[in-house]
Every structure is written in structure tokens, then in C-alpha cells.
Amino acid sequence: MELYEYTVHELVEMLEKGQTTSEEITKSYFDRIKEIDPKVKAYVSTLEDEAIAKAKKVDEDRKAGKPVSKFAGIPIGIKDNMCITGTKTTCSSKMLENFVAPYDATVIEKLNKEDLVYLGKLNMDEFAMGSSTEHSAFFPTKNPWDLDRVPGGSSGGSAAAVAADIAPWTLGSDTGGSIRQPASLCGVVGLKPTYGLVSRYGLVAFASSLDQIGPLTKDVTDAAMLLNLIAGHDEKDSTSIDLGEKDYTKALVNDVKGMRIGIPKEYLGEGINEEVKQAILDVAKKYEEMGAIVEDCSFEVGQYATSVYYIIADAEASSNLGRFDGIRYGYRSEKYDNLKDIYKNSRSEGFGPEVKRRIMIGTYVLSSGYYDAYYKKAQKVRTVIKNAYDELFGKYDLLLTPTSPTTAFKMGEKSNNPLEMYLADICTVPVNIGGVPAINVPCSLDSQGMPIGFQLIGKSFDEETILRAAYSYEQNTNFRQNKPTFKGGNS
Amino acid sequence: MAREDYEIVIGLEVHCELSTKTKIFCSCSTEFGGEPNTHCCPICMAMPGTLPVLNEKVVEYAVKAGLATNCSIEKNSKNDRKNYFYPDNPKSYQISQFDKPLCYDGHVTIETEDGEKEIRIERIHIEEDAGKLNHDEYGRGSFVDLNRAGVPLIEVVSKPDMRSAKEVESYMRKLKSIFEYIEISDCKMQEGSLRADVNVSVRKKGASEFGTRTEMKNMNSFRSIVRAIEYEAERQIEEIEAGNKITQETLRWDDVSGRTFSMRDKEDAQDYRYFPEPDLVALKVSDEYIENIRKSLPELPESRRKRYIEEYELTEKAANFVTGSKYYSILFEESIKVCNNPKTVGNLIMSDIARILNEREEEPEDLKFGGSELGELVILIDKGTISSAIAKKVLEELFNEVKMPSKIIEEKGWIQISDEGAIKEVVMKILENNPQSIVDYKAGKDRALGFLVGQAMKETRGKANPQMLNKMFLDELNK
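Conventions and cut-offs
Residues numbered from 1 in each chain as written. Chains lettered and ligands numbered in written order. Predicted model: local features only at pLDDT ≥ 70, side-chain atom pairs only at ≥ 80, totals over all residues. Heavy atoms only, no water. Salt bridge = Lys/Arg side-chain N within 4 Å of Asp/Glu carboxyl O. Helix = DSSP H or I, 4+ residues; strand = E, 2+ residues; numbered from the N terminus. Contact = heavy atoms within 4.5 Å. Buried area = accessible area lost by both parts, 1.4 Å probe. Polar contact = N/O pair within 3.5 Å; in protein donor to acceptor, adjacent residues only side chain to side chain. Nonpolar A, V, L, I, M, F, W, Y, C, P; charged D, E, K, R; others polar. Pairing = 2+ DSSP bridges. Axes fitted to C-alpha atoms, helices over the stretch in contact; angles between N-to-C directions. Parallel < 35°, antiparallel > 145°, perpendicular 65-115°, else oblique. Left-handed = near helix turned anticlockwise from the far one by under 90°. Domains from an automatic or database assignment. 1 Å grid on protein atoms, 1.4 Å probe; cavity = no way out; pocket = protein on both sides within 12 Å on 5 of 7 lines; lining within 4 Å. Points joined across faces, edges and corners; volume = space filled by probe spheres on them. Core = buried A, V, L, I, M, F, W, Y, C linked by side-chain atoms within 4.5 Å. Buried < 20%, exposed > 50% of the residue type's maximum accessible area, 1.4 Å probe, protein only. Phe/Tyr/Trp six-rings, centres within 6.5 Å; stacked < 30°, edge-to-face > 60°. Lys NZ or Arg CZ within 6 Å of the ring centre and 35° of its normal. pLDDT = per-residue confidence, 0-100. Expected span 1.5 Å × (residues − 1). Arc of directions from axis to C-beta.

## Things to note about the pattern of salt bridges
All names here are of chain B.
And step 1. Going through the model one piece at a time under the given rule, you end up with 73 salt bridges over all chains.
And step 2. Taking the shortest distance from any N to any O, the salt bridge between Glu167 and Lys117 comes out at 2.8 Å. With Glu167 in helix H2 (residues 165-181) and Lys117 in strand S7 (residues 115-128), this pair connects stretches of sequence that are 50 residues apart.
And step 3. For the salt bridge of Arg305 with Glu302, the shortest nitrogen-to-oxygen distance reads 3.3 Å.

Written out as C-alpha cells, the structure is:
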């Protein structure tokens with residue numbers, strides 16, 4: 001077995017036992033990246049020299065018996081919308097193609113404390129707007145299970161890298177499904193924490209009230225470990241919550257007896273692919289066998305979540321992206337005679353079509369005369385959705401749904417039809433609107449050999465129950481025996 | 001119709017920079033000046049991914065301002081984004097407050113020729129200041145300086161309750177003095193710490209509807225505010241008299257030409273697309289918090305003014321003047337502790353000290369000497385050690401160098417001559433040298449006495465006790 005095939009918790013054990021070194025692990029990844037990434041195209045930039053230097057330093061410290069973190073020397077890939085001092089943070093946009101971050105995101109500060117090694121920055125839909133990574137201004141990322149298909153998005157690079165074994169684990173961000181949906185399409189674990197659990201400081205904002213950073217990993221244990229590293233109150237983010245110290249690995253218990261799981265019927269109906277639907281029913285059956293109480297339930301207001309999402313997210317985005325004006329940093333058009341032209345031309349040339357569409361929708365819904373009908377109403381419906389979650393979680397510990405209505409679709413299939421693309425997120429978007437946590441766990445392959453994942457949704461700040469149920473499923477099944485084939489890619 | 005048939009209606013939006021040590025959403029210094037872009041960080045430069053954290057001192061200062069101006073405090077307040085593009089606005093939105101300002105429904109009392117008048121305050125909200133654009137004088141472009149970006153401001157919005165430029169000045173001075181007393185701002189107008197957007201309209205006296213208003217932004221001296229209002233009201237009346245309509249617009253006041261100019265290019269109706277700031281949590285203040293701030297407030301000018309009249313028997317005019325500035329008030333109270341003569345201290349502040357400051361183009365806050373110096377000066381006057389003429393000279397000296405007045409008069413040799421023998425000597429000498437004056441006096445020309453006293457003062461370089469001189473001359477002349 002190659003080093004790049006191990007999970008992080010296995011690598012940690014091997015490092016502790018002296019069976020390998022950080023340098024060996026890191027080099028194994030860069031060799032693999034050179035071999036595989038030209039096909040998958042998950043990385044926007046790699047940081048080989050810095051990574052290997054860091055790995056050597058950690059190995060020396062470990063050898064010299066200096067106290068080092070258990071995760072010291074473990075490589076990681078970072079979605080390219082999180083700032084690492086001195087490295088490019090592009091958001092896969094022409095606007096920030098040459099932007100070098102002058103500071104560290106809080107999650108990066110936390111990983112620095114543990115001496116993790118950065119492999120590079122991962123591709124995404126421009127400014128995290130999209131569900132296929134085809135909206136990257138640089139190049140699309142391919143799905144390792146079929147190179148003619150999309151990896152999902154917006155954290156497509158983060159998901160594909162884990163699936164292709166070109167990163168042991170990665171960080172992504174999730175505004176409407178951007179961690180879970182690509183995790184599902186690529187057959188990896190992806191966790192969106194409760195809004196407020198992980199600091200957003202240093203994450204380039206898309207929609208401030210919805211964005212959350214979270215882990216994409218090979219298994220549930222790694223997800224709990226990475227969550228331990230990034231969660232916690234941050235005084236630089238007023239919306240982050242102080243829960244004190246938590247160890248999420250304690251939730252990794254193979255036991256779901258008596259756990260109450262609700263299946264909202266709305267997510268097994270129209271618009272959900274038959275094979276996906278069957279897979280979810282199989283998962284439900286498995287949970288029942290394992291001792292959980294599984295019941296059908298209803299989440300009717302969920303049908304409004306997508307509308308609410310595209311109003312609130314785009315409203316916030318239209319304001320958040322105002323700072324990309326060509327004045328202080330980022331792309332500035334060469335064509336201008338006056339201030340208005342700097343703004344107009346820099347933004348017209350620097351942003352891609354999907355980003356412009358979102359800015360226009362967001363500007364529209366906030367405009368005077370439309371604010372009450374759109375933004376204000378959407379906020380009211382958001383409260384209704386939150387209340388509906390509260391009610392369901394009075395009855396159930398978890399909700400089970402598909403993560404994505406379909407498995408990975410072909411490249412180009414939806415990229416010219418925004419509305420159809422937006423439907424790729426119908427199962428994941430309500431979770432962000434409610435602010436609650438959810439995970440994608442891979443469960444099976446469809447007839448085309450493409451991964452199917454299920455989503456477990458929990459109550460706010462109860463990541464433990466999600467992790468416990470996901471871990472139990474994993475312990476009683478064997479999805480990880482499947483490996484991506486890297487087929488296709490010739491078209 | 002004549003000019004007198006019109007009434008001017010003025011409302012003000014006063015921006016006041018708060019004197020917190022750090023900015024409103026980051027820990028950068030709020031200090032004025034400094035090389036461009038040296039008081040900034042990724043947050044106030046709006047680097048991608050940065051987030052604001054509200055400085056609690058800003059809330060405290062704003063609540064102070066609200067309580068000192070009789071406002072109600074909103075216990076469930078929030079911050080909102082005001083979206084617009086301008087190079088001095090790095091995030092392309094300003095974090096401000098829209099529909100739930102921290103303070104609302106207050107008032108201040110001003111003194112007018114017709115007595116006291118209440119000016120209502122609609123709201124006070126917190127927001128961040130913008131940066132500054134420096135335009136290259138050779139036309140090579142404009143440079144953005146973000147030192148000021150994120151400096152905390154309160155915006156005080158009045159009702160359109162003012163009816164003359166004079167009332168506006170009184171209102172602004174009142175706010176300035178209140179904010180100085182409660183120590184939330186240095187209120188330095190020349191540094192832009194206190195500035196106003198002035199809304200002016202005119203209407204026929206007795207009309208119930210307001211006329212169309214124009215707005216003059218960022219006015220930062222009392223003098224230009226008064227001139228601008230007078231000019232703009234006159235212009236509007238002339239337009240109306242000529243049968244034209246007033247356009248609602250933003251005007252630029254030009255101090256040099258003394259005119260207002262239309263800024264039409266900025267007139268495309270701005271839609272700021274306000275919405276609640278999602279990066280900040282709701283701004284909640286408790287009753288207890290508000291009460292603690294209320295208890296911590298110092299005595300405000302209104303109460304001081306009344307006390308000075310009752311307790312110290314100052315005239316209404318002197319009491320108004322002395323309490324008009326915190327710095328005068330402090331000087332007054334410290335001085336009377338030393339000399340126990342409120343009347344003379346009050347008069348010196350109102351007349352001589354104010355005059356000298358004015359000549360030097362300085363403000364009360366620039367005063368360098370304090371109560372121990374002014375108090376001693378009054379004691380020296382009361383004891384007859386110096387004349388009031390010398391006292392003025394001592395004051396001038398105090399502006400140049402802070403020293404005890406007794407030391408100044410000693411060094412300068414300004415001690416009043418009250419020795420009978422010495423004065424007699426001078427009187428005899430002057431009489432001897434001016435026989436004609438004696439003749440004139442005897443012939444009934446009283447002016448001659450004044451001339452002789454003047455000569456004696458000249459001889460003693462102002463040091464002779466004038467009452468003694470007068471008496472002695474009379475005694476000699478009437479012999």
C-alpha cells in the first residue's frame with residue numbers, strides 16, 4: 001500500500017511508531033500529484049518547496065525528541081478561498097489571480113500551531129458560486145471516478161483531491177452545499193459544521209450569514225480529527241460561538257441503538273434520481289438493522305429554501321464582492337479614463353458570468369422598492385425554516401436525505417443552464433438556511449460506477465450525533481473498498 | 001414679497017469623530033495625521049476575508065452622547081451596511097445604522113435672542129468614517145489614504161427646527177460643548193472631528209409645508225456654516241421670487257467665492273441598498289448598562305449654567321459664555337477656588353481671554369494656563385497690587401509663557417505704586433512741568449486733570465495707583 005492511500009489517523013499512528021516520516025509522506029503526495037493532477041486538475045497552485053522544507057523540519061524535531069503535535073508533518077490541501085500569508089489566494093477568479101494574502105485565516109493559524117504541511121491551494125467555482133467547479137476562471141476540475149464528469153462544487157478541487165489520493169484531507173467551504181455536494185459526487189466524507197462553530201476570519205466571503213469552513217476526508221474519523229483542529233471561538237469573528245474545548249473523536253462510537261432518524265419524504269420524491277433514492281432507502285434499512293429507529297417525516301417548508309437561498313446569498317454576495325473594485329488590490333482593467341470606468345471595466349473583465357449573475361440578482365433584491373418583496377420576505381421564510389428544523393429535532397436526533405439529487409453529471413451538461421445547476425443543491429441548501437450541521441457519507445456506486453452519498457443533518461452544535469451515526473455506518477459497511485478509476489477524459 | 005416674509009428652515013446632520021483609542025472595527029490607532037496608510041491593517045483596508053469586530057467603547061460613547069442630549073436608548077439595536085462605490089470606501093459599503101439607531105428622540109436647549117429654544121434630535125447612530133483622497137496637484141492621479149477609514153463616528157440628526165444661521169451656530173456650539181464635557185470627542189473642527197451636513201429650505205412665513213431643501217455636505221467651520229446658510233437662503237428666496245422652483249440637490253459651498261455650486265454629477269439618485277450587517281451580531285444594551293453610563297456622566301452645561309447664576313451670581317450672559325466651553329468652565333471653577341471672586345473671573349474670561357484667543361485664532365481648548373494662574377491674577381487685582389490695565393498685560397504674557405502672575409509683575413517691574421510719598425513726588429514733578437494745565441484747570445477746564453493723570457501714568461509706565469493719583473492731583477490743584 002502506498003503512503004498516499006492511508007487515512008490521516010493511520011498516518012498519525014505510523015508517524016508515532018516511527019514507521020515513516022513527514023518527508024516521505026509529503027514526497028509521496030507530490031509524486032502522486034505530478035502523476036494524477038494533470039488529469040484531475042484539482043490544484044490551482046502547489047507549494048512543494050515550502051511543504052518539503054516544513055516536513056523535514058518537523059522530522060528533525062520529532063527525531064530530536066522535541067514536543068511536537070500529533071498532526072505535525074501531516075499534509076493538507078486548502079480550498080483557494082482561505083488566506084495563507086505570502087501565498088496566492090485566487091478564489092479561482094481572474095479578479096484575484098495575482099492576489100497574495102498578507103495575513104493568515106484563523107483556520108490556517110490553527111493548523112500552523114499543529115505544524116501541518118500545505119500541499120497547495122485547491123480549485124473551486126469562482127468565489128464559491130457553483131456546483132460543478134466548471135465556473136473556475138482557470139480550468140474545470142474533473143471527477144476522479146470519470147474524468148468526463150464534474151466533481152461537484154464549489155469545493156470540487158477539495159473533494160476530487162481526497163478522492164484521487166492527491167491530498168489526505170482538505171478544507172472546503174460550504175454556503176449552500178459546497179462541501180457536501182462535491183463530497184457526494186466524489187465519494188468522500190464532507191462535513192459542514194454548524195454556523196458559528198468554525199471561524200470565518202480569512203475565508204473570502206461569499207454569503208456571510210451562510211458560509212462555513214469544514215473538512216473533506218477519506219473517512220469519518222479523519223473528519224472528527226480535522227474538526228477538532230479548526231473548531232472553536234475566535235474573537236476576530238463576531239459570529240463564532242464559544243462552546244469551550246470539545247473533542248469530537250469521543251463521538252466516534254459504533255452504536256446507534258435507539259437513535260431516532262427521520263426521513264423527510266420531500267427528499268425522496270420528484271427530482272431525485274431513482275438509483276439515488278434506492279441507495280438512501282438501503283441506508284435507512286442499514287440503520288434500522290443497526291438498531292436505530294427510522295421514521296418517515298415531512299419538511300414541507302424545505303421547498304422554499306432554494307428561493308430563500310438565492311435571495312439571501314446573492315444579496316450578501318453583491319455587497320461582499322463590492323470590495324473587488326480595482327482600487328487597492330486585485331484585477332484592474334487597463335482601459336479607463338475615469339473612476340467610473342475603473343470600476344466598470346475592472347469588474348466586467350475580472351468577474352466571470354456566474355459571479356456577475358449573482359451580483360446582479362443580489363443588487364436587484366436589495367434595491368429600494370424590491371427589498372421588502374424579496375430580501376425581507378426571504379428573511380422571514382428563513383425564520384420559518386429554522387423553526388421547522390427546531391420542531392423536527394424535537395422528535396428526531398438526525399434527518400437522513402440524499403446529499404445530491406443525482407450522481408456526478410457530465411461536464412458541460414448544466415453549465416449553460418443556471419436554473420438546472422441551482423437544483424443540484426436542493427438537498428443541501430436548507431441546511432445552510434437553518435444554520436444546522438450536516439455530513440455527507442459515501443454509501444454506494446450507481447450503475448455507471450459513480451458514487452452516491454447520503455446526508456445526515458443534526459441539530460445546531462450537535463456534530464457529535466452526526467459523527468457517531470456516520471462512523472457507525474462506516475464501521476458496518478465497506479464503501480472504501482471502491483476506488484476511483486480515472487476513466488474517460490479523452491473527449 | 002419681501003425678504004422678511006420668508007422663513008428659513010434648517011436641519012443638521014452632525015458627524016462627530018469619537019476619541020476612542022482604536023478604530024470601530026479593528027485595533028488600529030485613531031490618531032489624526034501620520035504618514036498615509038500607516039494606521040491601517042487588513043481589516044480597515046478591506047482585505048478579502050477580513051471581518052469587523054465592534055469596539056465596545058464606541059457603543060459606550062454613543063450612549064453617553066445620547067443620554068447627554070436627552071435621547072432614548074434603543075436596547076435592541078443593530079448595524080447595517082450602506083452600499084456605495086467610492087475609492088475612500090474600501091469595502092464598498094460603510095457599516096452604519098439604518099432603521100434602529102442606538103439613540104433616538106432627544107433634544108438640546110439653545111439660547112436665542114428670544115430666550116431658550118429646544119432643538120429636537122431625531123436620532124444618533126454609530127458608523128465608520130471613510131478614508132481620504134489626496135489629489136495630486138500635478139494631475140497625476142489621486143491617492144487613497146486609509147488612516148481615517150474605520151475611525152468611529154456618531155451622526156447626530158436634528159429635526160428641521162432651526163430658523164436662522166445664528167441658531168445653527170448656537171446648536172453646533174451646544175453639541176460641541178456637550179461632547180467636550182462628556183469627553184467623547186476632541187471636537188476639533190479644523191481636523192474634521194466635528195463636521196456637519198446642512199439642509200436648508202425656505203418657505204413663506206406661516207406656511208405649514210416645508211419648502212424643497214438643498215444639502216451642503218461636510219461643512220467644518222462655524223464661519224462657513226453661517227455664511228453658507230445665509231447665502232443659500234438668499235439664493236433660494238431669489239429663485240422663488242423669480243418664479244423658479246428649487247431643485248432638491250447636494251451643493252458644494254465654496255468658501256473663497258462665497259457661493260454654493262451644484263454637484264450634479266453626483267446627483268443620480270443613490271440607492272444605498274441598506275441591509276443588516278451579517279458579520280456582526282445584534283447590538284443589545286441592558287437597562288443596567290444604560291443606568292451605569294447615566295450615573296457616570298459629568299455635570300452638563302445646562303445644569304452648570306443655572307448653578308453659576310444661582311450660586312455665583314454671574315450674569316446670564318457671563319454664565320452662558322463660561323459654560324459654552326468645557327475648557328472655560330474648568331478654568332472658571334479652578335480659578336474661583338483660588339481667588340473666590342467669580343464675578344471678576346467670569347468677566348476676564350468673557351472679555352479679555354476670549355478677545356486674546358480670538359486675536360490668536362485659537363480655541364478655548366488651546367489655553368495653556370489654568371486656575372492657579374488666573375486665580376492669583378484676580379487676587380493681585382483685588383489687593384490693588386496691579387491695576388486692571390496691568391492685569392491685561394499680564395494675561396497677554398500668560399498666553400506666551402505660563403508663569404505665576406506675581407512672578408511676571410515682579411520680573412517686569414509692574415507692581416502698582418501705592419506709596420503716598422512716591423506718588424506725591426511724581427505729582428509734584430508733573431505739576432512743575434505743566435504750569436499751563438494748572439492755569440487751564442483753574443479756568444474750569446476739567447480735561448486738564450485727565451491730561452495730568454495721563455502724564456503721571458506715562459512717567460510711571462502705568463504702575464501708579466490711578467485712584468491715588470487722581471485724589472492727590474485734586475488735592476494739590478484745589479489748594
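From this point on, the discussion continues.
## Some words on the environment of Ser221 of chain B
And step 1. Tracing the chain through its elements places Ser221 of chain B in the loop between strand S12 (214-219) and helix H3 (222-241).
And step 2. As for Ser221 of chain B and Gly192 of chain B, which are separated by 29 residues in sequence, their C-alpha atoms are 9.2 Å apart.

## Side note on the interface of chain A and chain B
And step 1. On the side of chain B, 32 residues touch chain A, which itself brings 41 residues to the contact.
And step 2. Carbon and sulfur atoms supply 59% of the area that chain A and chain B bury against each other, a total of about 2,700 Å² over both sides.
And step 3. Our count for the chain A to chain B interface comes out at one salt bridge.
And step 4. Salt-bridge contacts for Asp279 of chain B lead to Arg200 of chain A; the nearest nitrogen and oxygen are separated by 3.1 Å.
And step 5. Our enumeration of links across chain A and chain B arrives at 18 residue pairs in polar contact (both at pLDDT 80 or more).
And step 6. Contributing elements (two or more residues each) for the side of chain A that touches chain B: helix H9 (305-320), helix H10 (339-350) and helix H11 (353-366) of chain A.
And step 7. In terms of residue count, H9 of chain A provides more of the side of chain A that touches chain B than any other element does, five residues in total.
And step 8. Here the residues of the side of chain A that touches chain B sort into 19 nonpolar, 12 polar and 10 charged.

## Comments concerning the sheet that holds strand S7 (residues 260-264) of chain A
Residue and element names in this part refer to chain A.
And step 1. Judged by pairing direction, the sheet is mixed, and its 11 strands sit side by side in the order S1-S3-S2-S4-S6-S5-S10-S11-S9-S7-S8 without closing on themselves. The two strands at the open ends of the sheet, each matched to only one other strand, are strand S1 (43-46) and strand S8 (293-297). Each neighbouring strand pair of the sheet contributes to a mean axis angle of 30°, computed without reference to strand direction.
And step 2. Here strand S2 (residues 75-79) runs beside strand S3 (residues 117-122); their pairing, made up of five bridges, is parallel. Residue pairing in the sheet places Ile78 in a bridge with Lys121 of S3.
And step 3. Along the sheet face, helix H5 (residues 156-163) touches S2, S3, strand S4 (169-174) and strand S6 (212-217) and points at about 155° away from the line of S4.

## Quick notes on the pairing of strand S8 (residues 132-135) of chain B
Residue and element names in this part refer to chain B.
And step 1. Sheet topology places S8 next to strand S9 (residues 142-145); four bridges connect them, and they run antiparallel. Counterpart to Asn134 in the pairing with S9 is Phe143.
And step 2. Hairpin remark: S8 followed by S9, antiparallel, with six residues in the connecting loop; positive phi at Gly139, about 75°.

## Section: the sheet that holds strand S6 (residues 103-112) of chain B
All names here are of chain B.
And step 1. One open sheet holds the nine strands; their spatial order is S2-S6-S7-S10-S1-S11-S12-S13-S14, and the pairing between them is mixed. Bordering the open sheet on either side are strand S2 (72-73) and strand S14 (259-262), each of which pairs with just one other strand.
And step 2. Examined bridge by bridge, S6 and S7 share nine bridges and lie antiparallel to one another. Paired with Tyr104 across the bridge in S7 is Arg123.

## Points about the packing of H9 of chain A against helix H12 (residues 372-395) of chain A
Residue and element names in this part refer to chain A.
And step 1. Between H9 and H12, the shortest axis-to-axis distance is 9 Å and the interhelical angle comes to 125°. Considered as vectors, H9 and H12 are oriented oblique to each other. With respect to the hand of their crossing, H9 and H12 are arranged in left-handed fashion. Residue-level inspection shows Ala305, Val308, Ile311, Ile312 and Ala315 of H9 in contact with H12, the latter providing Tyr374, Tyr375, Ala378, Gln379, Val381, Arg382 and Ile385.

## Observations concerning the domain arrangement of chain B
Residues and elements named next belong to chain B.
And step 1. In terms of domain boundaries, chain B breaks down into domain 1 (3-291), domain 2 (301-412) and domain 3 (420-477).
And step 2. Here the C-alpha centroids of domain 1 and domain 2 sit 34 Å apart.
And step 3. When the buried area of domain 1 at its contact with domain 2 is split by residue, Glu111, Glu180 and Tyr181 rank highest and sum to 53% of it.
And step 4. For the salt bridge of Lys326 with Glu183, the shortest nitrogen-to-oxygen distance reads 3.3 Å.
And step 5. Within the residue set of the side of domain 1 that touches domain 2, elements represented by two or more residues are S6 and H2.
And step 6. Tallied by class, residues from the side of domain 1 that touches domain 2 come to two nonpolar, two polar and eight charged.

## Structural notes on empty space enclosed by the protein
Residue and element names in this part refer to chain A.
And step 1. Tallied over the full model, the rule gives seven cavities of 30 Å³ or more.
And step 2. The calculated volume of the largest cavity comes to roughly 160 Å³.
And step 3. Ala163, Gly187, Arg480, Asn482 and Lys483 are the residues nearest the centre of the largest cavity, which is lined by 14 residues in total.

## Here we look at the nonpolar core
And step 1. Leu111, Phe127, Trp169, Leu171, Tyr287, Phe454 and Leu456 of chain A are the most contacted members of the largest nonpolar core, which totals 173 residues.
And step 2. The element that contributes the greatest number of residues to this core is H9 of chain A, accounting for nine residues.

## Comments concerning the packing of aromatic side chains
And step 1. Under the criterion given, the structure shown has 29 aromatic pairs over all chains.
And step 2. Pairing Phe99 of chain A with Tyr329 of chain A gives two aromatic rings, centres 5.4 Å apart and planes at 50°, and the pair type is tilted. Taken together, the residues span a long stretch of sequence, with Phe99 of chain A in the loop between S2 and helix H4 (106-113) and Tyr329 of chain A in the loop between H9 and H10 at a distance of 230 residues. Side by side, Phe99 of chain A and Tyr329 of chain A carry an identical accessibility label, which is buried.
And step 3. On the basis of an interplanar angle of 50° and a centroid distance of 5.2 Å, the ring pair of Tyr343 of chain A and Phe85 of chain B is categorised as tilted. On the criterion of chain membership, the pair formed by Tyr343 of chain A in helix H10 and Phe85 of chain B in the loop between strand S4 (80-83) and strand S5 (93-96) is interchain, its members lying in two chains.
And step 4. Looking at Phe85 of chain B, the relative accessible area reads 33%, which means it is partly exposed.
And step 5. Grouped by ring-pair contacts, the aromatic residues Phe99, Phe127, Phe324, Tyr329 and Phe351 of chain A constitute a single cluster.
And step 6. In this structure, Lys414 of chain A is placed above the aromatic ring of Phe409 of chain A, and the distance from its NZ or CZ to the ring centre is 4.3 Å.

## Quick notes on the confidence of the model for chain B
And step 1. When pLDDT is averaged along chain B, the result is 92, and 99% of the positions lie at 70 or above.
And step 2. Across the interface, the model reports ipTM at 0.96; the global pTM reads 0.90.

## Some points on helix H14 (residues 447-459) of chain B
All names here are of chain B.
And step 1. Taking 1.5 Å as the rise per residue, H14 with 13 residues should run 18 Å; its terminal C-alpha atoms sit 19 Å apart, in good agreement.
And step 2. The complete set of buried residues in H14 reads Ala448, Leu449, Leu452, Val453 and Ala456. Taken end-on, H14 shows its buried residues confined to a sector of 135°, consistent with a single buried face. Those residues of H14 that are exposed and angled more than 90 degrees off the buried face are Arg447 and Lys458.
And step 3. Contact partners of the buried residues in H14: helix H12 (420-433), helix H13 (435-442) and helix H15 (466-477).
And step 4. Downstream of H14 by one or two residues, Arg461 has phi in the positive range, about 50°.

## Structural notes on unusual backbone geometry
And step 1. Note that the residue after Gly153 of chain A, namely Ser154 of chain A, is joined by a cis bond; omega there is 5°.
And step 2. Here Ser154 of chain A lies in the loop between S3 and H5.
And step 3. The backbone of Asn37 of chain B shows a phi angle near 60°, a positive value even though the residue is not glycine.
And step 4. If you trace the backbone, Asn37 of chain B turns up in the loop between strand S1 (6-17) and helix H1 (56-68).
And step 5. The backbone phi angle of Ala46 of chain B is positive, close to 60°, even though this residue is not glycine.
And step 6. Mapping Ala46 of chain B onto the fold places it in the loop between S1 and H1.

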